[in-house]
Amino acid sequence: MEHAHGYRAAFAYPQRLRLICYLCFWQWGIDEAAADLVTCLRRGRLVPLCLDHVELSNRYGYQTPSLVPASEVERALLSNYAIDVLRTNLAAAV
């Protein structure tokens, strides 16, 4: 829906999704950004991370209080939204 400041997505609905480590995505792109764990931060914010970035976060004192396998969170999201997983080259190779 067009809006004065771009587009408004109030009525948008995802067709596909995939949990990715946002730090890996920023550095290397979607094909190298697989998430292994999801941590719950303040105010219930869920952040998917790879194992390397979880370790790096803990090493530098950035707390990851509760960790859940990313596959469980992704499965729940896919089920709740009744959508498919977003395929990438990495996912196709597995």
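Now for a quick tour of the structure. Predicted model only: the values in this text are computed from it and were never measured. In this convention, every chain numbers its residues from 1, walking through the sequence in written order. Local features in this predicted model are restricted to residues of pLDDT 70 or higher, and side-chain atom pairs are both shown and tallied only at a pLDDT of 80 or more, whereas totals for entire chains, interfaces and linings draw on every residue. Just so you know, side-chain values use all the structure's heavy atoms and leave hydrogens and water out.

**Overview of the overall build of the chain**
Rules: Every helix listed is a DSSP run of H or I at least four residues long, and every strand listed is a run of E at least two residues long, numbered separately from the N terminus. In what follows, a contact means two residues having at least one pair of non-hydrogen atoms within 4.5 Å. Here the open area of atoms and residues is found with the Shrake-Rupley method and a 1.4 Å probe, where only the protein chains shown may cover a residue.
For the chain, the helix and strand inventory stands at four helices and seven strands. Long-range contacts, defined as pairs at least 24 residues apart, comprise 60% of the intrachain contacts of the chain with a sequence gap of at least 6. As displayed, the chain offers around 7300 Å² of accessible surface, 54% of which is attributable to carbon and sulfur atoms.

**Description of the state of the cysteines**
In plain terms, the rule: Any two cysteine sulfur atoms within 2.5 Å of one another count as a disulfide. Burial status follows relative accessibility: with a 1.4 Å probe on protein chains alone, a residue under 20% of its type maximum counts as buried, one over 50% as exposed, and anything between as partly exposed.
For the structure on display, the rule yields zero disulfides. Cysteine C21 is unpaired, with the sulfur of C24 as its nearest cysteine sulfur at 3.7 Å. The exposure class of C21 is buried, given its relative accessible area of 0%. Considering cysteine sulfurs only, C24 is the nearest to C50, which forms no disulfide, with 3.6 Å between them. Residue C50 is classed as buried on the basis of its relative accessible area, which comes to 7%.

**A short note on the nonpolar core**
Rule in force here: Only buried residues count toward a nonpolar core, which is a set of Ala, Val, Leu, Ile, Met, Phe, Trp, Tyr and Cys residues joined through side-chain atoms within 4.5 Å.
If you look at the biggest cluster of nonpolar residues, it comprises 10 residues: I20, C21, C24, A33, L37, L41, V47, L49, C50 and V54. The residues contacting L41, other than those within four sequence positions of it, are V47, Y62, Q63 and P65. Judged by nonpolar contacts, the second largest core, of five residues, contains L19, A35, V38 and A70.

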